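Understanding the architecture of this molecule
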Amino acid sequence: MEASLELVCADITILTSNRTPQGGDLRSEHGLSILVELEWCDESTGTLLFDTGASGQVLEHNLRARGILVQDIDWVVLSHCHGDHTGGLEWLLSQPGGQFLVITHPEITRPVYKTEPDFHFVGVESPSLRGLGPGRWIQTRSPIQLVPGVWVSGEIPRVMEFERPRPQMVCLRDGVMQTDGEPDDLAVALDMGNGGGVVLAGCSHAGPINTLAAASELVPGGLAALLGGLHLYDAEAAVLEDTGRSLKNLLGEGVISGHCTGVRGEGMLDATFGERHLTFYTGDVWRFRRGAPDWVEALAVSPR
Ligand SMILES: [Fe+2]
Ligand SMILES: [Fe+2]
């Protein structure tokens, strides 16, 4: 593919999420999987799966319901190791004919645990991932451009003072249990032209503002929108306020939120963005087009 090719359209389907519409043909679960169908200016196309949801059963059902074959998928990007984003991976890797590249942070398979409400493993459980050779699995700490206009952030620098690591997430490193810091959290940035950048985040464990700051470096023309989980359900009021102010500065348009954003987070986003804050349900399809006057079109919103 030519380096000068421009990305002209991205159809973003919420393949799996926590929020169930009334009706619709897809299943929901506590998890996230986002299907991104891309088109370039020469009419070439590509399909990226961002996270795999919590289970192979739901992923299989929802891909089939949307007419997507495993063979259609070109890239699988894992936002981070947590099971609600990687639980469908083992099923995906077991399917015959899959040729997709998997892109992750190199520490995605570290032993990570949550101490609340009881001590339990929250890492990736996919023996097949460890068995993938370098031709199928790209592990990167640095940003990489997968194809023209499509960036994977790599490790996101922690620069904002108010976005701190969560003490209840711990990792066994060199025989010592220590605060994890969730270093593997990464985002996808789509360069849709001047002011039209779109950022996909899984849970924004790196912090939504750190995430957007990193994406801004990759998409210098400016960011329009953030879509994904913002993990603000337990955020303190001061953090919500700082987050809202910074989001407004970094995004030309708005936010499409769901998964772990939480009621408190979505209330802040409503107050900050008004009608330019949308919430997503399983089955929603959002279209972003290069140079289009509307920031996003809702293509096939599930019955609510
Ligand atoms: Fe999550
Ligand atoms: Fe998570």
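Residues numbered from 1 in each chain as written. Chains lettered and ligands numbered in written order. Predicted model: local features only at pLDDT ≥ 70, side-chain atom pairs only at ≥ 80, totals over all residues. Heavy atoms only, no water.

1. Considerations on the packing of aromatic side chains
For the record, the criterion: For Phe, Tyr and Trp, where Trp contributes only its six-membered ring, two rings pair if their centres lie within 6.5 Å, and the inter-plane angle classes them as stacked under 30 degrees, edge-to-face over 60, or tilted in between. Relative accessible area decides the class of each residue, using a 1.4 Å probe on protein chains only: under 20% of the type maximum gives buried, over 50% gives exposed, and in between gives partly exposed.
Applying the stated criterion across every chain yields a total of 3 aromatic pairs. Centre to centre, the rings of Tyr113 and Phe119 are 5.0 Å apart; their planes meet at 20 degrees, and the pair counts as stacked. Owing to a relative accessible area of 47%, Phe119 belongs among the partly exposed residues under this scheme. For the ring pair Tyr113 and Phe121, a centre distance of 5.7 Å and an interplane angle of 70 degrees mean the geometry is edge-to-face. Judged by relative accessible area, Phe121 falls into the partly exposed class, the value being 36%.

2. A look at the coordination of the iron ion (ligand 2)
Definition in use: Coordination shells were defined by N, O and S atoms within 2.8 Å of each metal, extended to 3.2 Å for Na, K and Ca; water is absent from the atom set, which can make sites look incomplete.
Donor atoms from the polypeptide that bind the iron ion (ligand 2) are His80 (NE2), His82 (ND1) and His205 (NE2), placed at 2.2 to 2.4 Å. Site description for the iron ion (ligand 2): donor spacing in sequence, H-x1-H-x122-H. Here the iron ion (ligand 2) and the iron ion (ligand 1) are spaced 3.4 Å apart. For His80, a relative accessible area of 1% puts it in the buried group. Given a relative accessible area of 7%, His82 falls into the buried group.

3. Looking at the pairing of strand 5 (residues 101-104)
Defined as follows: Should DSSP find at least two bridges between two strands, the strands are regarded as paired. Put simply, DSSP marks the helices as runs of H or I at least four residues long and the strands as runs of E at least two long, and each gets a number from the N terminus on.
Pairing geometry for strand 4 (residues 75-77) and strand 5, over 3 bridges, is parallel. Residue pairing in the sheet places Trp75 in a bridge with Leu101 of strand 5. Relative to strand 8 (residues 137-139), strand 5 runs parallel, the two sharing 3 bridges. Considered in strand 8, the bridge of Thr104 is made with Gln139.

4. Describing the sheet that holds strand 6 (residues 112-114)
Hydrogen bonds between backbone atoms are what pair the strands of a sheet, whose relative direction is either parallel or antiparallel. One open sheet accounts for 4 strands, arranged 7-6-11-12; its pairing is antiparallel. Only two strands of the sheet have a single neighbouring strand rather than two, namely strand 7 (120-121) and strand 12 (176-179). Where strand 6 and strand 11 (residues 169-173) come together, 3 bridges link them in antiparallel fashion. Across the sheet, the residue bridging to Tyr113 is Val170, located in strand 11.

5. Concerning the nonpolar core
The condition is simple: We call a set of buried residues a nonpolar core when its members are Ala, Val, Leu, Ile, Met, Phe, Trp, Tyr or Cys and they connect through side-chain atoms within 4.5 Å of each other. Contacts were defined at the residue level, with two residues in contact if any of their heavy atoms lie within 4.5 Å.
In this structure, Ile12, Leu38, Val150, Leu190 and Phe288 are the most contacted members of the largest nonpolar core, which totals 34 residues. Residues within four places of Leu38 in sequence aside, it is in contact with Leu7, Cys9, Ala10, Ser44, Thr45, Gly46, Leu48, Trp75, Val150 and Leu190. In terms of nonpolar packing, the next biggest core, distinct from the first, is built from 27 residues, Val199, Leu223, Leu232 and Leu240 among them.

6. Regarding the coordination of the iron ion (ligand 1)
Stated precisely, the cut-off is as follows: By the criteria applied here, four donors are tetrahedral when all angles lie between 85 and 135 degrees, four are square planar and six octahedral when opposite donors are over 155 degrees apart and every other angle lies between 65 and 115, and any other arrangement is irregular.
Around the iron ion (ligand 1), the donor atoms from the protein are Asp84 (OD), His85 (NE2), Cys203 (SG) and His259 (NE2), and they sit 2.1 to 2.4 Å away. Geometry at the iron ion (ligand 1) is irregular, judged from the 4 donor atoms that bind it and their angles of 81 to 167 degrees at the metal. Of the residues examined, Cys203 reaches a relative accessible area of 3% and is grouped as buried.

7. Examining the side chain of Arg173
Note the following rule: Each polar contact in these results corresponds to two N or O atoms within 3.5 Å; when the atoms are within protein, one needs to be able to donate a hydrogen and the other to accept it, and residues that are neighboring in sequence are counted only if both atoms are side-chain atoms.
Summarising the element assignment, Arg173 is placed in strand 11. Of the polar contacts made by the side chain of Arg173, one reaches the side chain of Asp180; its length is 3.1 Å. Setting aside residues no more than four positions away along its own chain, Arg173 makes contact with Glu107, Arg110, Gln178, Thr179, Asp180 and Pro183.

8. A short note on helix 6 (residues 237-250)
Helical geometry note: an α-helix holds 3.6 residues per turn, so side chains three or four residues apart project in the same direction. Quick reminder of the rule: Expected helix span is taken as 1.5 Å per residue step, with the number of steps being one fewer than the number of residues.
Counted at 1.5 Å a residue, the expected span for helix 6 with its 14 residues is 20 Å, and the 20 Å between its end C-alpha atoms agrees. Inspection of helix 6 places Val239, Leu240, Thr243, Gly244, Ser246 and Leu247 among the buried residues, and these make up the whole buried set. On its buried side, helix 6 packs onto helix 5 (208-218), strand 15 (223-229), strand 16 (251-258) and helix 7 (262-273).

9. Here we look at unusual backbone geometry
Cis rather than trans, the peptide bond between Glu116 and Pro117 has omega equal to -10 degrees. Take Pro117: it is sitting in the loop between strand 6 and strand 7. The residue Glu43 is not glycine, and still its phi comes out positive at about 70 degrees. Judged by relative accessible area, which is 66%, Glu43 ranks as exposed. One non-glycine residue, His259, lies in positive phi territory at about 50 degrees. Checked against the element boundaries, His259 lands in the loop between strand 16 and helix 7.

10. Some words on the packing of helix 6 against helix 7
Between two packed helices, what matters for the description is the angle formed by their axes and the separation of those axes. Definition in use: Each axis is a line fitted through C-alpha atoms, and for a helix only the stretch in contact is used; angles between axes span 0 to 180 degrees, taken between their N-to-C directions. Angle categories: roughly parallel below 35 degrees, roughly antiparallel above 145, roughly perpendicular from 65 to 115, and oblique for all the rest. The handedness criterion is simple: a crossing whose near helix is rotated anticlockwise from the far helix by less than a right angle is left-handed, and one whose near helix is rotated clockwise is right-handed. Under the convention adopted here, Pro, Cys and the residues Ala, Val, Leu, Ile, Met, Phe, Trp and Tyr are nonpolar, Asp, Glu, Lys and Arg are charged, and Gly plus all remaining residues are polar.
Direction vectors running N to C along helix 6 and helix 7 enclose 40 degrees, while the axes themselves pass 10 Å from each other. Relative to helix 7, the element helix 6 is oriented oblique. At the point where helix 6 passes helix 7, the crossing takes the right-handed sense. Packed against helix 6, whose contacting residues are Ala237, Leu240, Thr243, Gly244, Leu247 and Lys248, the element helix 7 presents Arg264, Gly265, Met268, Leu269, Thr272 and Phe273 at the interface. Across the contact of helix 6 with helix 7, the residue classes break down as 6 nonpolar, 4 polar and 2 charged.

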